[in-house]
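Chain by chain, the residues run as shown.
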Amino acid sequence: MQTDELLVDRIGCVTVLTLNRPRQLNVLSVAVVRKLLEVYAKYEADPGVKAIVVQGSSEARVPCLCAGGDVKRIYEMRLHSKPEQHHETSYDALSFFAVEYVMNSFLSRLSTPHVALMDGIVMGGGCGISVNGKYRCATERTVLSMPECAIGLVPDVGGTYFLSRVQGELGTMLALTGRRVSGRDAKDLGLATHTLASEDIPRVANELATALADVDKVDATEVVEQVLRRLETQLPESPGDVLPRRAEIDAWFVGDCVEDIVAALKDAAEGHGGRLAVELLEAIEAGSPTSLKVTLAMLRLARRAEPPPSLVSCLRTELCAVAGCLARGDFYEGVRALLVDKGKGPKPSWRVGRLEDVSAEDVEAHLAPETKEVGGIVAKFWEEANGDWTARL
């Protein structure tokens with residue numbers, strides 16, 4: 001079960017999973033995602049495992065649970081392929097996202113208490129392995145964001161599901177801007193369930209193991225909650241916290257059209273919106289116009305559909321949208337500019353450069369499979385995400 005990239009340890013009745021790619025800020029490779037799925041299925045079926053704790057390697061250069069999926073690896077696959085192979089590499093990349101989303105789905109359905117230690121950076125796929133679980137413990141060092149629009153993608157790993165359920169329009173703002181929020185904000189917005197001091201993070205697994213030692217697995221949830229409440233601490237406010245500005249943010253992001261949101265931010269930036277309005281406007285203007293419009297459409301769909309869509313339904317729509325981002329090339333251009341060139345090279349050259357030039361038809365096309373190959377990958381995801389992975393052991 002042990003691999004270099006994912007360490008699996010036992011402390012009594014608690015399984016501890018450590019994402020162990022510290023030089024890459026613990027980003028998720030396909031091998032790690034597959035191993036996580038295997039581990040979750042195994043220990044969900046094991047009556048001797050009463051809680052699962054996931055954490056990031058302490059050897060990372062900055063505190064970090066996980067900075068996302070290994071999108072640079074996907075970019076490199078395309079970079080080193082011939083033009084006639086680009087469709088094939090995009091399908092291979094989409095298959096990686098599909099496996100990750102299956103893991104996210106299975107994580108959300110675990111009956112074994114799952115405790116994510118969100119100490120430090122929690123971005124993209126890092127939210128997928130934490131926010132989709134039962135317990136999410138943020139600290140004063142937490143930096144949480146979903147920055148996908150900036151790289152020509154869309155908020156995925158269930159992002160349209162959990163961000164659409166954040167109070168008011170704060171989730172809309174986070175999805176379109178990739179705004180980073182603190183541990184206190186994460187708790188107040190419902191993205192974290194508990195706030196702990198970072199110095200107490202090493203205690204969590206041991207405290208759980210001691211408290212759960214003589215408890216039946218069916219009663220573990222109540223005990224885990226007791227332990228986390230005992231360790232919980234109130235984090236101080238940060239100057240950048242967004243919840244205190246909710247009324248303004250709600251007014252700016254209430255529109256169903258990205259152009260209306262931009263216009264509201266421009267008015268606020270020139271008026272009384274202050275630095276926050278300027279920062280949010282700059283973040284939106286840096287994103288892929290297509291990604292922004294597709295993201296807003298998915299958020300509104302997730303919030304307003306009747307009956308409300310499940311996490312798996314949202315993941316399915318996200319997978320279709322990601323396929324569109326891969327096929328149209330914005331994703332590769334965004335990764336090149338932000339993660340490869342690190343902002344020192346040319347700015348992203350988006351396929352459609354202006355919001356007003358992104359058609360409603362183009363947005364709609366992202367919300368369903370566009371090719372037979374994509375349809376096959378989406379159908380396989382749907383089957384596996386709704387299946388019983390413990391039965392496959």
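Further up the page is the structure itself.
For clarity, every value in this text was computed on a predicted model and none was experimentally measured.

(A) Representation of the sheet that holds strand S7 (residues 135–138). In spatial order, the strands read S1-S2-S3-S5-S7-S9; together these six strands make up an open sheet with mixed pairing. Both outer strands of the open sheet, strand S1 (6–11) and strand S9 (194–195), are each paired with one neighbouring strand and no more. Where strand S3 (residues 51–56) lies against strand S5 (residues 114–118), three bridges are found, and the strand directions are parallel. Bridged to Ile52 within S5 is His114. Helix H1 (residues 30–44) contacts S1, strand S2 (14–19), S3 and S5 of the sheet and is inclined by roughly 25° relative to S1. Helix H8 (residues 204–212) contacts S1, S2, S3 and S5 of the sheet and is inclined by roughly 165° relative to S2.

(B) Up close: the pairing of S1. Summarising the sheet, S1 and S2 pair through six bridges and their orientation is antiparallel. Each bridged residue has a counterpart across the sheet, and for Val8 the counterpart in S2 is Leu17. Between S1 and S2, which pair antiparallel and follow one another directly, the connecting turn spans two residues, one of which, Gly12, has a positive phi of 60°.

(C) Local environment of the nonpolar core. In terms of nonpolar packing, the biggest core is built from 103 residues, with Leu19, Leu36, Leu191, Phe253 and Phe331 touching the most fellow members. Those residues within four positions of Phe253 in sequence are excluded, and the remaining contacts are Glu169, Thr172, Met173, Leu176, Thr177, Ile261, Leu265, Leu280, Ile284 and Arg300.

(D) Main features of the packing of helix H11 (residues 258–270) against helix H12 (residues 274–286). Between H11 and H12, whose axes approach to 8 Å, the crossing angle comes to 145°. The two elements H11 and H12 meet at a crossing, and its hand is left-handed. Here Ile261, Val262, Leu265, Lys266, Ala268 and Ala269 of H11 come into contact with H12, specifically with Gly274, Ala277, Val278, Leu280, Leu281, Ile284 and Glu285. Classifying every residue of the contact of H11 with H12 gives 10 nonpolar, one polar and two charged.

Reading the values: the criteria
Residues numbered from 1 in each chain as written. Predicted model: local features only at pLDDT ≥ 70, side-chain atom pairs only at ≥ 80, totals over all residues. Heavy atoms only, no water. Pairing = 2+ DSSP bridges. Helix = DSSP H or I, 4+ residues; strand = E, 2+ residues; numbered from the N terminus. Contact = heavy atoms within 4.5 Å. Axes fitted to C-alpha atoms, helices over the stretch in contact; angles between N-to-C directions. Core = buried A, V, L, I, M, F, W, Y, C linked by side-chain atoms within 4.5 Å. Buried < 20%, exposed > 50% of the residue type's maximum accessible area, 1.4 Å probe, protein only. Left-handed = near helix turned anticlockwise from the far one by under 90°. Nonpolar A, V, L, I, M, F, W, Y, C, P; charged D, E, K, R; others polar.

Structural measurements only, silent on function.
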